[in-house]
Amino acid sequence: MSQVRPDEVSAILRKQLSGFDNEADTYDVGTVLEVGDGIARVYGLSKVQAGELVELPDSKDEKGTSVTGMVLNLEEDNVGIVLFGASDAVEEGHTVKRTNDIASINVGEGLLGRVINPLGVPIDGKGAISGETIRLPLERKAPGVIYREPVTEPLQTGLKSIDSLIPIGRGQRELIIGDRQTGKTSVAVDTIINQKATQDTDKPVHCIYVAVGQKGSTVANIQKVLEENGAMEYTTIVAAPASVSAPMRYIAPFAGAAIGEYFRDTGRHALVIYDDLSKQAVAYRELSLLLKRPPGREAYPGDVFYLHSRLLERAAKIINDDKVAGAMNNIPDELRPKVKGGGSLTALPVIETQAGDVSAYIPTNVISITDGQIFLDTDLFNQGIRPAIDVGTSVSRVGGAAQVKSMKKLSGTLKLDLAQYRELEAFAKFGSDLDASTQAQLRKGERTVELLKQDVYQPLPVEQQIALLKINDVGLLDKLEVEQIEEFEKQYLETVGIKYEDKMQKLADSGILNDSFGDNLIEIAKSVIDQVTASN
Amino acid sequence: MLVSKAARRYATALLELAKEQDVVESTLKDILFIKNTLEDSRDLVLFLKSPIIKPDKKVSVLEEIFKSEISALVHRFITLIARKNRQNVLDQIVAAFVEVYNVHAGIISAEVFVANKLDDKQIAEVTQKLEEVTGKKVNVTIKVQENLKGGMAVKIADTVIDGTVKHQLEQLEDVFLNTTTE
């Protein structure tokens, strides 16, 4: 058994003590007047700032951790504080200490692969966050107009229906909206998994998954899925499950944004998923009502719109110019020397609707803030169309500019086909009574819808998506029965992958599908179709 | 003590009036007399705060207790408070008056926390030092708390200057627990 030598111990102790000065320490205090429902009213603390963290040293438990809180209300004769810990440890008359620290989180490369709480404390049992960290404020003003750039680079989700019809660009804010159990989280997790392909390129996308008000088991499950798919190494999970206090759930998305901003401002790319913002709004409503702020529509406080708009505004594509980016507004001093241009923060907020009601308060707010939305529909989900994306009502307002060229070309006809199919869908039951052209359109539509189906956690690289959509575009799929499409897809991609490995790589790099390679693909498709039809 | 807005307004008004009539010091004496009476008699405070007892009754009791002891101005003030049905905040009003008087006279109050009792000479030294540092007259209240172990902490308004052994030990604990050694 190895032992620590006594002289080593004393050397360490000496080193630790050498930096310890015993001068008198000055701090500001207040006294708890009343406490309840996770809120404390405090007398004193006259110089405290809004959003500042405070400590309640009298509430120490046997483990030595004391309750912390955040100042939210500054009133004439008292201060309203939200408590992050258990409020039953706090009593009337307890001392409240200022920390002179606006609510912040320690951010660094060491966060990747970790699960943390919204205050940056790791909760995965893997010890302290390693490496250098920078303290960044949770609330930070979004970059100004001159530090931004239009969205031009694609962020591939690996989902055929999204990448083709509702493309997302780096720096975009795309809402994922739908009822419960429609696969919102799966779309988000698929997107994270698909970023694995970017890790070997010079523009890797770092991911942050913020779980707000979710079941603890769901969070653990997502962590497991990400680990199994090798996606955890470039992902941070900020977990504020349903069991934590409302203030924690309220600040969780801001913590996620602060981590994303670290990558964004250092010239790298990040993707943050807020799952979900309706639960955050509920937590904020809880806090606001307890702080006696006046309730508005659906009892949400008046500033619930600003709550989400300031959060989502922080997603941005930063100008690709180090000099201009270096002068960016509201950069903490510690981060300033590391600032580089060209980074981006993409946000995928999630909103859960009740019975498909998108005209409720929070959904309309967030729809109007974001650059588009992905609608997930219960009926489609139950019909087995998964991902259950309603391509008719889903839009991406800025992603088109970021789409891969040949994908853009293919998506034009794809959109048209689907729109026409939807129009005719109601007549499908008349079957053979319809004229030939209508029947042909229905046939093509059915196959297109089938082609856009995709299994969960199986994202497809964009070149494979293009290769598939090309075959649909030329109408070859019409020769197959709907049930044969899945089999065709599998065999076709396999064959293409083996036969044209280098050409597919070229397609992935350039995004341009030239005519000769297109013909090659059609040829392979034809032979695979023959095989599939023959085997049945 | 948390002082309500109403109490602060009554106290400010009384001070303004006393300044006008140039009777600030005697008013303070009367107010301190009321303050001490209220502090010594919890029954009286409870009596004044009780919602069951009729306001007239409270007025006559206040009359009886204070009439012979206080000046005409403070007497009128108490009558006004009684008429406005604010007897329940009388304790806050007197506390607020002491506060506004201290601001007016440039006096600050400081609480000194120590582990062992100080003798008069030490108190005088502390007071003198605090007056030097703040440049104002300082009212010192000494509070003995044995768990501080040693040293001294001074609290002026909301700011604490903490040089106690207890606090230093806590800081030391923090240093040991929160720094990693490679």
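Treat the numbers as computed from the prediction; the structure is a model and nothing was measured.

The rules behind the values
Residues numbered from 1 in each chain as written. Chains lettered and ligands numbered in written order. Predicted model: local features only at pLDDT ≥ 70, side-chain atom pairs only at ≥ 80, totals over all residues. Heavy atoms only, no water. Helix = DSSP H or I, 4+ residues; strand = E, 2+ residues; numbered from the N terminus. Rg over C-alpha atoms; globule rule 2.2 N^0.38 Å. Buried < 20%, exposed > 50% of the residue type's maximum accessible area, 1.4 Å probe, protein only. Contact = heavy atoms within 4.5 Å. Areas by Shrake-Rupley, 256 points an atom, 1.4 Å probe, with all protein chains shown as cover. Lys, Arg positive; Asp, Glu negative; His and termini not counted. Charge placed at Lys NZ, Arg CZ, Asp CG, Glu CD. Pairing = 2+ DSSP bridges. Expected span 1.5 Å × (residues − 1). Buried area = accessible area lost by both parts, 1.4 Å probe. Polar contact = N/O pair within 3.5 Å; in protein donor to acceptor, adjacent residues only side chain to side chain. Nonpolar A, V, L, I, M, F, W, Y, C, P; charged D, E, K, R; others polar. Phe/Tyr/Trp six-rings, centres within 6.5 Å; stacked < 30°, edge-to-face > 60°. Lys NZ or Arg CZ within 6 Å of the ring centre and 35° of its normal. Axes fitted to C-alpha atoms, helices over the stretch in contact; angles between N-to-C directions. Parallel < 35°, antiparallel > 145°, perpendicular 65-115°, else oblique. Left-handed = near helix turned anticlockwise from the far one by under 90°. Core = buried A, V, L, I, M, F, W, Y, C linked by side-chain atoms within 4.5 Å. pLDDT = per-residue confidence, 0-100.

What follows is about the overall build of chain A. A count of helical and extended segments in chain A gives 16 helices and 16 strands. Taking 2.2 N^0.38 as the reference for a compact globule, 536 residues should give roughly 24 Å; the C-alpha atoms of chain A span a radius of gyration of 27 Å, in line with that estimate. Looking at chain A residue by residue over its 536 residues, the buried ones come to 53%. Partitioning the contacts of chain A with sequence separation of at least 6, the portion at a separation of at least 24 is 75%. Accessible area for chain A stands at about 23,900 Å²; split by element, carbon and sulfur atoms hold 50% of it. Taken as two groups, the 58 positive and 77 negative side-chain charges of chain A have centres that lie 3 Å from each other.

This part covers the pairing of strand 11 (residues 205-212) of chain A. All names here are of chain A. The element strand 11 is largely enclosed, with a buried count of 8 among its 8 residues. Of the two faces of strand 11, the one lined by Val 205, Cys 207, Tyr 209 and Ala 211 and the one lined by His 206, Ile 208, Val 210 and Val 212 are each fully buried. Alignment of strand 11 against strand 13 (residues 269-275), held across 7 bridges, turns out to be parallel. Pairing of Val 205 across the sheet is with His 269, part of strand 13.

A few words now on the pairing of strand 3 (residues 52-56) of chain A. On any regular strand, side chains alternate: one points to one face of the sheet, the next to the other face. All names here are of chain A. Here strand 3 lies mainly inside the structure; 4 of its 5 residues are buried. Two strands pair when backbone bridges link them, and strand 3 and strand 6 (residues 95-102) are joined in this way by 3 bridges, in the antiparallel orientation. Each residue of the ladder has a partner; that of Glu 52, found in strand 6, is Ile 102. Sheet topology places strand 3 next to strand 4 (residues 67-74); 4 bridges connect them, and they run antiparallel.

Moving on, we get to the side chain of Thr 346 of chain A. Residues and elements named next belong to chain A. Along the chain, Thr 346 falls in strand 14 (residues 344-352). Classification of Thr 346 as buried rests on a relative accessible area of 0%. Setting aside residues up to four positions removed in sequence, Thr 346 forms contacts with Leu 155, Ile 168, Gly 169, Arg 170, Gly 171, Gln 172, Ala 270, Leu 271 and Val 272.

With that settled, the discussion passes to unusual backbone geometry. All names here are of chain A. Put simply, Asp 275 and Asp 276 share a cis peptide bond, and its omega is 0°. For the bond from Arg 386 to Pro 387, the omega torsion is -5°, close enough to zero to count as cis. Here Leu 45, not a glycine, exhibits a phi torsion of approximately 50°, which is positive. Relative to the assigned elements, Leu 45 resides in the loop between strand 2 (39-44) and strand 3. Overall, Leu 45 belongs to the buried group, its relative accessible area being 1%. Although it is not a glycine, Tyr 457 sits at a positive phi angle of roughly 60°. Here Tyr 457 is to be found in the loop between helix 12 (436-452) and helix 13 (462-473). Given a relative accessible area of 27%, Tyr 457 falls into the partly exposed group.

A few words on helix 16 (residues 515-535) of chain A. Turn by turn, an α-helix covers 3.6 residues, leaving residues three or four places apart pointing in a common direction. Residue and element names in this part refer to chain A. The end-to-end C-alpha distance of helix 16, which contains 21 residues, comes to 30 Å, matching closely the 30 Å that a straight helix rising 1.5 Å per residue would cover. Those residues of helix 16 that sit buried are Phe 517, Gly 518, Asn 520, Leu 521, Ile 522, Ile 524, Ala 525, Val 528, Ile 529 and Val 532. Lining the buried residues of helix 16 we find helix 13, helix 14 (485-499) and helix 15 (501-510).

Note: interface size is frequently given as the accessible area lost on complex formation between the parts. Every contact between the two is made by 20 residues of chain B and, on the other side, 22 residues of chain A. Both faces combined, the contact of chain B with chain A buries some 2,000 Å², and carbon together with sulfur accounts for 54% of it. Along the contact surface separating chain B from chain A lie 10 residue pairs in polar contact (both at pLDDT 80 or more). Contributions of two or more residues to the side of chain B that touches chain A are made by strand 4 (159-162) and helix 8 (165-178) of chain B. With 6 residues, the single largest contributor to the side of chain B that touches chain A is helix 8 of chain B. Of the residues contributing to the side of chain B that touches chain A, the split by class is 8 nonpolar, 7 polar and 5 charged.

Mapped onto the fold, Asp 25 of chain A is located in strand 1 (residues 25-36). Residue classification places Asp 25 of chain A among the partly exposed residues on the basis of a relative accessible area of 23%. Residues Asp 25 of chain A and Leu 442 of chain A, 417 residues apart in the sequence, show an inter-C-alpha distance of 78 Å. Among residues more than four places away in sequence, those in contact with Asp 25 of chain A are Val 160, Ile 161, Asp 162, His 167 and Gln 171 of chain B. A polar side-chain atom of Asp 25 of chain A sits 3.3 Å from a polar atom in the side chain of Gln 171 of chain B.

Scanning all chains against the criterion turns up 8 aromatic pairs over all chains. Aromatic pair Tyr 250 of chain A and Tyr 284 of chain A: ring centres 4.9 Å apart, planes at 20°, arrangement stacked. On the criterion of sequence distance, the pair formed by Tyr 250 of chain A in helix 5 (residues 246-265) and Tyr 284 of chain A in helix 6 (residues 277-290) is long-range, its members being 34 residues apart. Overall, Tyr 284 of chain A belongs to the buried group, its relative accessible area being 3%. Judged by centre distance (6.0 Å) and plane angle (80°), the ring pair of Phe 33 of chain B and Phe 66 of chain B falls under edge-to-face. Highlighted residues: Phe 33 of chain B in helix 2 (residues 24-40) and Phe 66 of chain B in helix 4 (residues 55-66), separated in sequence by 33 residues. The ring of Tyr 27 of chain A carries Lys 97 of chain A above its face, with NZ or CZ at 4.4 Å from the centroid.

Another point: the side chain of Gln 465 of chain A. All names here are of chain A. Here Gln 465 shows up in helix 13. Owing to a relative accessible area of 0%, Gln 465 belongs among the buried residues under this scheme. Setting aside chain neighbours within four positions, we find Gln 465 in contact with Gly 158, Leu 159, Lys 160, Asp 163, Met 407 and Leu 460.

What follows concerns the packing of helix 3 (residues 42-49) of chain B against helix 4 of chain B. Residues and elements named next belong to chain B. At a minimum axis distance of 10 Å, the contact between helix 3 and helix 4 shows a crossing angle of 150°. One element, helix 3, and the other, helix 4, form an angle in the roughly antiparallel class. Like other packed secondary-structure pairs, helix 3 and helix 4 cross with a definite hand, here left-handed. Mapping the contact onto sequence places Leu 44, Phe 47, Leu 48 and Lys 49 in helix 3 and Lys 57, Lys 58, Val 61, Leu 62, Ile 65 and Phe 66 in helix 4. Each residue belonging to the contact of helix 3 with helix 4 can be placed in one class, and the counts come to 7 nonpolar, no polar and 3 charged.

Our next topic: the nonpolar core. Generally speaking, soluble globular proteins have nonpolar side chains that are buried together. Residues and elements named next belong to chain A. In terms of nonpolar packing, the biggest core is built from 76 residues, with Ile 192, Leu 226, Ile 471, Phe 488 and Tyr 492 touching the most fellow members. Take this core: its biggest share by element is 8 residues, from helix 16. If sequence neighbours within four positions are ignored, Ile 192 has contacts with Cys 207, Tyr 209, Leu 226, Ala 231, Tyr 234, Thr 235, Leu 271 and Ile 273. Residues Leu 111, Ile 116, Phe 263 and Phe 375 belong to the second largest nonpolar core, which totals 67 residues.

Residues and elements named next belong to chain B. Considering every residue of chain B, the mean pLDDT works out to 87; 97% of them sit at 70 or more. Per-element confidence in chain B is highest for helix 1 (residues 5-20), whose mean pLDDT is 92, and lowest for helix 8, whose mean pLDDT is 82. Listed scores for the predicted complex are pTM 0.89 and ipTM 0.77.

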